[in-house]
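Now for the letters of each chain:
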Amino acid sequence: MKTNRNIFVYTFLLLMGAAQVVSCQGNKNTDQPTPVNPEVKTDVQCWLTNPDRTALLQKQNISLLFSASDNGFPTIDVDDTQSYQSIDGFGFTLTGGSATLINKLPADQQNALLRELFLPDSNGIGISYLRLSIGASDLSASVFTYDEMPAGQTDPQLAKFSIDKEREDLIPVLKKILALNPNIKILGSPWTAPTWMKTNNAFIGGSLKPENFQVYANYFVKYIQAMKAEGITIDAITPQNEPLHGGNNPSMVMLAPDQAIFVKANLGPAFKAAGLSTKIILYDHNADRPDYPISILNDPAAYPFVDGSAFHLYGGQITALSVVHSAFPDKNVYFTEQWSDGKGSFANELKGNTTNLTIGATRNWSRNVLQWNLASDPQWNPHTDNGGCSQCLGAVTIGGTIYRNSSYYVIGHASKFVRPGAVRIASTITNQLDNVAFKTPDGKHVLIVVNNNNMPQQFQIRFKGKLVGASLNNGAVGTYIW
């Protein structure tokens, strides 16, 4: 009865002209051409994605005007006098497989796609942060490192080190991306050390031999310097992707006490000696183990070398990021990976990942939000055999045509509008309207809202005492800019 009453009151108010509630909805798909309407006067722009794909990051030609009128619906208060962390960017991992697929596109199609992905213009989503695998990840076509040796041989001087494998696809694509956005931030993460450095001499599992800690630190230095020689600046690294999971192909286990020793005794000093400013970010695994980075940050010898901690969300709660921030407020927090399921629902992935990542991670102090794979083919390839992810969906599917998937819109709703240097500001959550707000470097305000109700929801945005009414379908995402 309460639902019916709300609908009646809303309809009555509209008919009486007593409230301004404007629906942020897209045009339904139809065989009839959409009328071209002149641009309406508005204080607030709204960009909308509906779970049924009837609007896909579509700018709405509607009038959203601030006024003193209160229509009585739930209110999201936005307050730019309260500010939190700065934002470094939003994006994906440019996996080896992603680079291969993009690099194989015809030049005109490749250039158009890269412009769409990396420029924040009217047709682009403006990805501003990329993660790379240092060597192969499980979404590479084959397994490799930069210094593999024949069985029984080692290379402690790293005389055989080479990034030539990356010159096939990754580096050419990265150079084109950097031409579009020279300031994009790049994070490097290894899935494994060279096999001769490991306890099991294999790509899957095993740990780094203690006698190879310094050699592996030098391996990172060589990687950063080699990429720099190609014109590619690695802003940050993590010592190990998913250090508590040794089942991927490739993978390596690195327990917290070992990572603490590696950072304080080897990696940090190696970077300092080489004059590298590349950040060292701990952990890079699930939110169920905030004790892992906390234990390393509690080490006074490791602490000075560490910029912050990185998280995934295949386990635990996103609030764990705030646990680490509260323990060490001077160290940064990052969100570096969450997949999209090739067998999953567009609607569920849109709603869930916007709620937990774009909103949840940033409300818990993350300076970035990265979903996992940038591109896959229609069969979710490439990936490694015997331990590679076989249904990881890309932000785009590259086949006979290019198809945009849920993570494209999850990230796009933020990356297009919340540019690097933006600052998170205060906003209230009401009536399952999860949201996060930012102030951009050019002084605009951005509010990202997802309706987690099971029915359409009317609401208001209040800013500096003025209100504007809007609505979202259940499961829809709206980005509001003023």
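See the structure printed just above.
Presented here is an overview of the structure given in this document. (Residues numbered from 1 in each chain as written. Predicted model: local features only at pLDDT ≥ 70, side-chain atom pairs only at ≥ 80, totals over all residues. Heavy atoms only, no water.)

## Re the packing of helix α9 (residues 346-363) against helix α10 (residues 406-415)
Step number 1: At a closest axis distance of 9 Å, the pairing of α9 and α10 adopts a crossing angle of 35 degrees. For the pair α9 and α10, the crossing hand works out as right-handed. Along its contact with α9, which presents Phe346, Glu349, Leu350, Asn353, Thr354 and Thr358, the element α10 presents Ser406, Tyr409, Val410 and Ala414. (Axes fitted to C-alpha atoms, helices over the stretch in contact; angles between N-to-C directions. Helix = DSSP H or I, 4+ residues; strand = E, 2+ residues; numbered from the N terminus. Left-handed = near helix turned anticlockwise from the far one by under 90°. Contact = heavy atoms within 4.5 Å.)

## With respect to the sheet that holds strand β14 (residues 396-398)
Hydrogen bonds between backbone atoms are what pair the strands of a sheet, whose relative direction is either parallel or antiparallel.
Step number 1: Strand order in the open sheet made by the three strands is β13-β14-β15, with mixed pairing throughout. The open sheet has two edge strands, β13 (375-376) and β15 (402-404), and neither has a second partner. (Pairing = 2+ DSSP bridges.)

## Remarks on helix α5 (residues 213-229)
Step number 1: Between its terminal C-alpha atoms α5 stretches 25 Å, which fits the 24 Å expected from 17 residues at 1.5 Å a residue.
Step number 2: For α5, the complete set of buried residues consists of Phe213, Val215, Tyr216, Ala217, Tyr219, Phe220, Val221, Tyr223, Ile224, Ala226 and Met227.
Step number 3: Looking at the buried side of α5, the elements it contacts are β6 (129-134), α4 (170-180), β7 (185-190), β8 (236-237) and α6 (256-274).
Step number 4: A positive backbone phi angle near 85 degrees is found at glycine 231, which sits one or two residues after α5. (Expected span 1.5 Å × (residues − 1). Buried < 20%, exposed > 50% of the residue type's maximum accessible area, 1.4 Å probe, protein only.)

## Digging into the pairing of strand β11 (residues 332-337)
Step number 1: Most of β11 is tucked away, with five of its six residues classed as buried.
Step number 2: One ladder, built from five bridges, connects strand β10 (residues 308-316) with β11; its direction is parallel. The partner of alanine 310 across the bridge, within β11, is tyrosine 334.
Step number 3: For the segment spanning β10, helix α8 (residues 320-327) and β11, crossover handedness is right-handed.
Step number 4: In terms of strand pairing, β11 meets strand β12 (residues 366-373) through two bridges, oriented parallel. Paired with valine 333 across the strands is serine 366, a residue of β12. (Right-handed = clockwise from strand over helix to strand, strands pointing away.)

## Points about α4
Step number 1: Among the residues making up α4, those that are buried are Leu170, Ile171, Val173, Leu174, Ile177 and Leu178. For α4, the angular spread of buried residues about the axis comes to 160 degrees, placing them on one side.
Step number 2: Elements that come into contact with the buried residues of α4 comprise α2 (96-103), α3 (107-118), β6, β7 and α5. (Arc of directions from axis to C-beta.)

## Some words on the packing of aromatic side chains
Step number 1: For the coordinates displayed, the defined rule picks out 22 aromatic pairs.
Step number 2: When the ring of tryptophan 47 is compared with that of phenylalanine 417, the centres are 5.4 Å apart and the planes differ by 55 degrees; the resulting orientation is tilted. Of this pair, tryptophan 47 sits in strand β2 (residues 45-49) while phenylalanine 417 sits in the loop between α10 and β16 (423-427), and the two are 370 residues apart along the sequence.
Step number 3: Look at tryptophan 47 and you get buried, because its relative accessible area is 12%.
Step number 4: Look at phenylalanine 417 and you get buried, because its relative accessible area is 13%.
Step number 5: Measuring from ring centre to ring centre gives 5.9 Å for phenylalanine 66 and tryptophan 482, while their planes differ by 75 degrees; the resulting arrangement is edge-to-face. (Phe/Tyr/Trp six-rings, centres within 6.5 Å; stacked < 30°, edge-to-face > 60°.)

## Structural notes on the sheet that holds β6
Step number 1: Spatially, eight strands are ordered β5-β6-β7-β8-β9-β10-β11-β12 in a closed barrel, and the strand pairing comes out parallel.
Step number 2: Relative to the sheet, α9 contacts β5 (89-93), β10, β11 and β12, its axis offset from that of β12 by approximately 150 degrees.
Step number 3: Its contacts with the sheet put α10 on β5 and β12, and the angle it makes with β5 is roughly 155 degrees.

## Some words on the side chain of aspartate 341
Step number 1: Inspection of the secondary structure puts aspartate 341 in the loop between β11 and α9.
Step number 2: One buried charge, aspartate 341, has no salt-bridge partner; the nearest side chain with opposite charge is lysine 343, at 7.0 Å.
Step number 3: Setting aside its immediate chain neighbours within four residues, aspartate 341 contacts Glu349, Gln391 and Leu393. (Lys, Arg positive; Asp, Glu negative; His and termini not counted. Salt bridge = Lys/Arg side-chain N within 4 Å of Asp/Glu carboxyl O.)

## Points about the side chain of aspartate 284
Step number 1: Among the structural elements, aspartate 284 can be located in strand β9 (residues 279-287).
Step number 2: Using a relative accessible area of 0% as the deciding quantity, one classes aspartate 284 as buried.
Step number 3: Within the structure, the side chain of aspartate 284 is placed 2.9 Å from the side chain of arginine 131, a separation counted as a polar contact.
Step number 4: Only 3.1 Å separates the side chain of aspartate 284 from the side chain of serine 189, close enough to count as a polar contact.
Step number 5: Each residue touching aspartate 284, except ones within four places of it in the same chain, is listed here: Arg131, Ser189, Thr238, Gln240, Asn241, Glu242, Pro243, Ala310, His312 and Thr336. (Polar contact = N/O pair within 3.5 Å; in protein donor to acceptor, adjacent residues only side chain to side chain.)

What is shown is where atoms sit, not what they do.
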